[in-house]
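In case you want the letters, here they are:
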Amino acid sequence: MNFKITQTEGIQLVGTLVGSTVSIDYTAMLYEQPANNHCFLSIWQDTQIPFGKAGNVTKPIIGNERSNSQTFEQLTTGVPYIVGWGAGNKAGTNDPNYGSIGASISFTPGGEEDTNGIVQGVLHQNIITPVIVGTSSIVVTFVTLDGNDPKKNGNWIGLWQGSTLDFNGNYLQKWDVTSNNSQDSQGLNTTLQIRTGSTYTLAYASGPNASDIVARTTFKTDNY
């Protein structure tokens, strides 16, 4: 059936590298409680997220404000860095899940550097997009960060009726991502019929927890 995408969302990271300091402004997902959900920021001296490896420095998100900022100090100058947004902890522990990185911002000295020596970060987000919607199935494409193995890291996709989602697992249906590729497509067979003239939201989670959502797309199906 025909449909129209009405809204998309992902983790927003904006940042600068100045000398030995990285400054990050972040915006979490709408309706998320990032501190309660154990979200974190971590930094690596690298050009790509090394999934599963602890960062050089990791900082938990303090407070449930959707937007806030963090800094990382005393870094080695003149080398690349990448900061990742972690969606949550390892299930049943207080340990950050370094396989749950769902957005990143990279800094390459000498690249996007202005006359004051300020390097602007380059954002990379997880994205989910419905491409075919049927009465009892949906085909989606997804883009995650380079180096991510969605199946290994427990990525999943959820479907909600309406334009909002929650972070407690109250979805209509959930599917584990079956691909080992960071970018791929997947068919989702639904147990309930997709109705015409209705709004649905698809979300992508970068870890196994119900609160590990890092991207969403809302779409509305056409009337007959």
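Residues numbered from 1 in each chain as written. Predicted model: local features only at pLDDT ≥ 70, side-chain atom pairs only at ≥ 80, totals over all residues. Heavy atoms only, no water.

A. Spatial organisation of the nonpolar core. Grouped together as the largest cluster of nonpolar side chains are 31 residues, with contacts concentrated most on Leu13, Val22, Ile24, Leu41, Val83, Trp85 and Ile213. Of all the secondary structure elements, the ones that give two or more residues to this core are strand S2 (12-18), strand S3 (21-27), strand S4 (40-44), strand S7 (81-86), strand S8 (101-107), strand S13 (156-161), strand S16 (199-205) and strand S17 (213-221). With near-sequence residues (within four places) excluded, Ile24 lies in contact with Leu13, Val14, Gly15, Leu41, Asn68, Ser69, Gln70, Phe72, Val83, Ile105 and Phe107. Counting residues in hydrophobic clusters, the runner-up holds 16 residues, among them Phe142, Leu188, Tyr204 and Phe219. (Core = buried A, V, L, I, M, F, W, Y, C linked by side-chain atoms within 4.5 Å. Buried < 20%, exposed > 50% of the residue type's maximum accessible area, 1.4 Å probe, protein only. Helix = DSSP H or I, 4+ residues; strand = E, 2+ residues; numbered from the N terminus. Contact = heavy atoms within 4.5 Å.)

B. Representation of unusual backbone geometry. For His38, which is not a glycine, the phi torsion comes out positive at approximately 65°. In this fold, His38 is placed in the loop between S3 and S4. A relative accessible area of 41% means that His38 is categorised as partly exposed. Positive phi, normally seen in glycine, also occurs at Gln74, with a value near 60°. Relative to the helices and strands, Gln74 resides in the loop between strand S6 (67-72) and S7.

C. Quick look at the side chain of Glu32. For Glu32, the location among the structural elements is in the loop between S3 and S4. Arg66 provides the closest opposite charge to the buried, salt-bridge-free Glu32, at an N-O distance of 7.7 Å. Among residues more than four places away in sequence, those in contact with Glu32 are Asn37, Cys39, Asn64, Phe167, Ser211 and Ile213. (Lys, Arg positive; Asp, Glu negative; His and termini not counted. Salt bridge = Lys/Arg side-chain N within 4 Å of Asp/Glu carboxyl O.)

D. Here's a closer look at the pattern of salt bridges. Per the counting criterion, the structure on display carries two salt bridges. Two residues, Arg66 and Glu9, come together in a salt bridge whose shortest N-O distance is 2.8 Å. Here the residue Arg66 occupies a position in the loop between strand S5 (57-60) and S6, and Glu9 occupies one in strand S1 (residues 3-10), the gap between them amounting to 57 residues. One salt bridge connects Glu9 with Arg216, and the closest N-O pair in it is separated by 2.7 Å.

E. Structural detail: the packing of aromatic side chains. For the structure shown, the criterion picks out eight aromatic pairs. These aromatic residues form a ring-pair network of at least three members: Phe3, Tyr200 and Phe219. The aromatic ring of Phe72 is capped on one face by Lys59, whose charged end is 5.1 Å from the ring centroid. The cationic tip of Lys174 hangs over the ring face of Trp156; the distance from NZ or CZ to the ring centre is 5.3 Å. (Phe/Tyr/Trp six-rings, centres within 6.5 Å; stacked < 30°, edge-to-face > 60°. Lys NZ or Arg CZ within 6 Å of the ring centre and 35° of its normal.)

F. Highlighting the sheet that holds strand S12 (residues 137-143). Ordered in space as S11-S12-S15, the three strands form an open sheet in which the pairing is antiparallel. At either margin of the open sheet sits one strand with a lone partner, and together these are strand S11 (127-133) and strand S15 (183-189). Going from strand to strand, the sheet's axes swing by 25° on average, the running direction of each strand aside. Relative to S15, S12 runs antiparallel, the two being bridged by seven bridges. When the sheet's bridge partners are listed, Val139 is paired in S15 with Gly187. (Pairing = 2+ DSSP bridges. Axes fitted to C-alpha atoms, helices over the stretch in contact; angles between N-to-C directions.)

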